[in-house]
Amino acid sequence: MIGTGIETAEVLLFEGGFDELPEILHADGDMLALESELSNLQQYLKALFLQNEIQSFDPHNYCHGRNLTYAVTSCVVKRSNVRFSLSNTVVERWIMEMNVILILPLLVFPMALLPAVCLSAGGSNDLHPLVLIPGSGGNQLEARLTKDYKPSSLLCALSATRKGKDGWFRLWFDPTVLVPALTRCFAERMTLYYHAALDDYRNAPGVLTRVPCFGSTQGLLYLDPHLKHITEYMATLVNSLEQLGYIDGENLFGAPYDFRYGLAAEGHPSKVGTQYLEDLKELIESASASNGGKPVILLSHSLGGLFALQLLVRSTSSWRQKYVKHLLTLSAPWAGTVQEMLTFASGYTLGIPIVDPLLVRAEQRSSESNQWLLPSPKVFGHTPLVVSGNKNYSAWDMQEFMEDIGFEEGVYPYKTRVLPMTDKFEEPGVPVTCVVGSGVETPETLFYGEDGFDVQPEVVYGDGDGTVNLVSLLALESEWVGSASQDLKVIRMPGVSHTSILKDKSALKEIVAEICSINAITASSLVFRA
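Residue indices follow the written sequence of each chain, beginning from 1 at its first position. Local features in this predicted model are restricted to residues whose pLDDT is 70 or higher, and side-chain atom pairs enter the listing and the counts only when it is 80 or higher, whereas totals over whole chains, interfaces and linings include all residues. Remark: hydrogens and water are excluded; side-chain values derive from all non-hydrogen atoms of the structure.

1. Things to note about the environment of V468
Then, in step 1: Helical segments are the DSSP runs of H or I of at least four residues, strand segments are the runs of E of at least two, and each set is numbered from the N terminus. Mapped onto the secondary structure, V468 falls in the loop between β20 (458-462) and α18 (470-473).
Then, in step 2: Note: C-alpha distance between V468 and A335 (133 residues apart in sequence) is 9.0 Å.
Then, in step 3: Contacts were defined at the residue level, with two residues in contact if any of their heavy atoms lie within 4.5 Å. Ignoring sequence-local partners within four residues, the contact set of V468 consists of S331, A332, P333, G336, T337, T442, L473 and H498.

Written out as structure tokens, the structure reads:
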């Protein structure tokens, strides 16, 4: 015996997700029994998605593979076994024995499930091309020594005979830098020199350098392919991108550069840095052209974010709108770091105890890009960052700081070429997302005793990602707050450090989800196809 003729829920429209009651379309049937089953299914699906029991969900296969009907923004399921397509297996999770129509809106899928949604519309062909821009020290450098090279010692002269094809050898990362006796040889080959007559920087005499693998991600994966376990850089990140459907050389590209060089303020030449921006611009245009004219996603790490922003603000609005979809930055030091003042004062060896920081200090001071990473007066203000005896140095006291540490030759290029670039953060006119680590002890104040700057300081720590201070990581947010013309999103990752952001599972999950979200802005209408 069954009941009929009673208005019974037949269609549930979950327009606001499973946390809200649905709109109910009624029909004939046993209202209590059917609504009870629908309620159970609702709770089951909510738990399944929100508790992240499945790793990915392919709505296209979910509907199309089962001869189900579906609309542009929803998947309609009729009397069927409900199955969910996982990465490698298909698992039956629920059997519907009712004549029910359930509409699942696209918005209910959590961000963690978006990678499969990105791919469901047609694989890598639907993805915006992506260009990776590394940070300082984040790609390989090669060098060749000419007859003009003057080694500082017999050991450096002997080590110079170690040559590869056509005389080129890996300059960075070279594991011999970890051998104290060879550290000086490495440093003298990495050193830049400011030429006042040129108002620009050049390599040391007799040292030619080049950047391998421009256009590919190969030079970003490992700093030394023979030492993968200790020199991995972007390998894990690239692997995550490849799982989305990105393919090196097709819709995924790398833009390595000579990270010793930086850029200069308007009116000052910067031959190497400017050439890099031109090469990067050409790569972006080529990537777009080879992918059906789709604008490019720029994904940068650390110093790469500063280069990317400069490229955008130095380009025309029409170029940006045509070629750049989104700028996604990781750990960008927008306003510099206190850590850089330690590098200039005492040298910095990434905590490697066998390397004498004083042997690399002069080379590190010579780096044009390192001056760019000194704390910005606009952001750090008059807060003392370095304390030495009775003297305090804030970001506004950089000239006096350089003079007192014995680096007088750095004052003029810093004041004329670098400082004007830190005065303002121009809006690039394309959407920007900043992913930043926080809650990691980061140098905030350096205390030097009577031994001066030739010894490592005592350090007072504050908030940041271990390298970049939080105030610098969030500088764009502070500068652009309330702007109606600039789209900015900031994602904080507690406990994630400056470099672990490229490997940490939780960080990668956010990065991948953001990339999928950027792609979905134009691909959402294609996700559920008839």
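Read on, since the account is not over.
2. Re the confidence of the model for the protein chain
Then, in step 1: Across the protein chain, the average pLDDT comes to 82, with 74% of residues at 70 or higher.
Then, in step 2: A residue's pLDDT is the confidence the predictor assigns to it, expressed on a 0 to 100 scale. Ignoring residues within four places in sequence, the model shows residues 522-530, a span with pLDDT below 50, making 26 contacts including any to other chains.

3. Here we look at the pairing of strand β7 (residues 130-133)
Remark: a regular strand shows side chains that alternate across the two faces of the sheet.
Then, in step 1: Only protein chains enter the accessibility calculation, which uses a 1.4 Å probe; a residue whose area is less than 20% of its type maximum is buried, one above 50% is exposed, and one in between is partly exposed. Neither face of β7 is exposed, since L130 and L132 on one face and V131 and I133 on the opposite face are all buried.
Then, in step 2: At least two DSSP bridges between two strands are needed for those strands to be called paired. Pairing of β7 with strand β13 (residues 252-254), which is carried by three bridges, proceeds in the parallel orientation. Following the sheet pairing, L130 is matched in β13 by L252.
Then, in step 3: Strand direction decides the pairing type here: β7 and strand β14 (residues 296-301), joined by four bridges, are parallel. What sits directly across from L130, in β14, is I297.

4. Section: the sheet that holds strand β8 (residues 141-145)
Through backbone hydrogen bonds, the strands of a sheet pair up, either in parallel or in antiparallel fashion.
Then, in step 1: Strand order across the open sheet formed by three strands is β9-β8-β12, with antiparallel pairing between neighbours. Strands with a single pairing partner mark the edges of an open sheet, and in this sheet they are β9 (169-172) and β12 (207-210). On average, each strand axis in the sheet is tilted by 45° relative to the strand beside it, whichever way the strands run.
Then, in step 2: In this sheet, β9 lies alongside β8 in antiparallel orientation, the contact comprising three bridges. Counted as the bridge partner of A143 is F169 from β9. Every axis corresponds to a line fitted to the C-alpha atoms, with the helix fit spanning only the stretch in contact, and the corresponding angles, defined between N-to-C directions, vary from 0 to 180 degrees.

5. Let's talk about the state of the cysteines
Then, in step 1: For the purposes of this analysis, a disulfide is any pair of cysteine sulfur atoms at a distance within 2.5 Å. Under the counting rule described, the total for this entry stands at one disulfide.
Then, in step 2: One disulfide bridge connects C156 with C185, the sulfur atoms lying 2.0 Å from each other. Residues C156 and C185 share a disulfide whose torsion about the S-S bond is about -90°; that sign makes it left-handed. Taken together, the residues C156 in helix α4 (residues 154-159) and C185 in helix α5 (residues 180-190) connect sequence positions 29 residues apart.
Then, in step 3: Judged by relative accessible area, C156 falls into the buried class, the value being 1%.
Then, in step 4: The exposure class of C185 is buried, given its relative accessible area of 1%.

6. Regarding unusual backbone geometry
Then, in step 1: Of note, the amide linkage connecting W172 to F173 takes the cis form, showing an omega dihedral of 0°.
Then, in step 2: Checked against the element boundaries, F173 lands in the loop between β9 and α5.
Then, in step 3: Notably, C213 is not glycine yet its phi reads approximately 70°, a positive angle.
Then, in step 4: Mapped onto the elements, C213 comes out in the loop between β12 and α6 (218-221).
Then, in step 5: Note on C213: relative accessible area 34%, which makes it partly exposed.

7. A few points about the packing of aromatic side chains
Then, in step 1: For this analysis, a ring pair means two rings from Phe, Tyr or Trp (six-membered ring only for Trp) whose centres lie within 6.5 Å, classed as stacked if their planes differ by under 30 degrees, edge-to-face if by over 60, and tilted for the remaining angles. Enumeration over the complete set of coordinates arrives at 13 aromatic pairs.
Then, in step 2: Their ring planes at 85° and their centres at 5.2 Å tell us that W172 and F173 sit as a pair that is edge-to-face. Grouping residues by exposure puts W172 and F173 together as buried.
Then, in step 3: Between F344 and F407, the ring centres sit 5.8 Å apart and the planes meet at 55°, which makes this aromatic pair tilted.

8. Here we look at the packing of helix α12 (residues 338-346) against helix α13 (residues 357-366)
Then, in step 1: Direction vectors running N to C along α12 and α13 enclose 110°, while the axes themselves pass 7 Å from each other. Here α12 lies roughly perpendicular to α13, going by the angle between them. Contact residues: α12 offers T343, F344, A345 and S346, while α13 offers P357, L358, R361, Q364 and R365.
Then, in step 2: Residue classes in the contact of α12 with α13 are distributed as four nonpolar, three polar and two charged. Each angle is binned into one of four classes, with values under 35 degrees roughly parallel, values over 145 roughly antiparallel, values of 65 to 115 roughly perpendicular, and all other values oblique. Classification convention: Asp, Glu, Lys, Arg as charged; Ala, Val, Leu, Ile, Met, Phe, Trp, Tyr, Cys, Pro as nonpolar; all other residues, Gly among them, as polar.

9. Considering helix α9 (residues 271-289)
Then, in step 1: A helix is expected to span 1.5 Å for every residue after the first. The end-to-end C-alpha separation of α9 is 27 Å, in line with the 27 Å expected for 19 residues at 1.5 Å each.
Then, in step 2: The complete set of buried residues in α9 reads G273, Y276, L277, L280, L283, I284, A287 and S288. Down the axis, α9 shows its buried residues gathered within 130° of arc, on one side only. Opposite the buried face of α9, by more than 90 degrees, sit the exposed residues K271, E282 and A289.
Then, in step 3: Close packing links the buried residues of α9 with β7, β13, β14, α10 (303-313) and α11 (317-323). It is the directions from the helix axis to the C-beta atoms that the arc portrays.

10. Regarding α5
Then, in step 1: Here α5 lies mainly inside the structure; eight of its eleven residues are buried.
Then, in step 2: By the burial criterion, the buried members of α5 are L182, T183, C185, F186, A187, E188, R189 and M190.

11. Some remarks on the sheet that holds strand β18 (residues 432-438)
Then, in step 1: Read from one edge to the other, the open sheet built from six strands follows the order β13-β7-β14-β15-β18-β21, with strand pairing classed as parallel. One side of each edge strand has no neighbouring strand; the edge strands of this open sheet are β13 and β21 (488-494). Within this sheet the neighbouring strands show an average axis-to-axis angle of 15°, counted without direction.
Then, in step 2: Strand direction decides the pairing type here: β14 and strand β15 (residues 324-330), joined by six bridges, are parallel. By the bridge assignment, V296 is partnered in β15 with V324.
Then, in step 3: Its contacts with the sheet place α9 against β7, β13 and β14, and it is angled at close to 155° to β7.
Then, in step 4: Running at roughly 140° to β14, α10 makes contact with β7, β14 and β15 of the sheet.

12. Considering the pattern of salt bridges
Then, in step 1: Each reported salt bridge corresponds to a side-chain nitrogen of Lys or Arg within 4 Å of a carboxyl oxygen of Asp or Glu. Evaluation of the coordinates by the stated rule reveals 14 salt bridges.
Then, in step 2: A salt bridge links E142 to R210; its shortest N-O distance comes to 2.7 Å. Note that E142 is positioned in strand β8 and R210 in strand β12, a separation of 68 residues in sequence.
Then, in step 3: Judged by relative accessible area, which is 17%, E142 ranks as buried.
Then, in step 4: Overall, the relative accessible area of 38% leaves R210 in the partly exposed class.
Then, in step 5: The partner of K424 in a salt bridge is E426, and the shortest N-O contact between them spans 4.0 Å.

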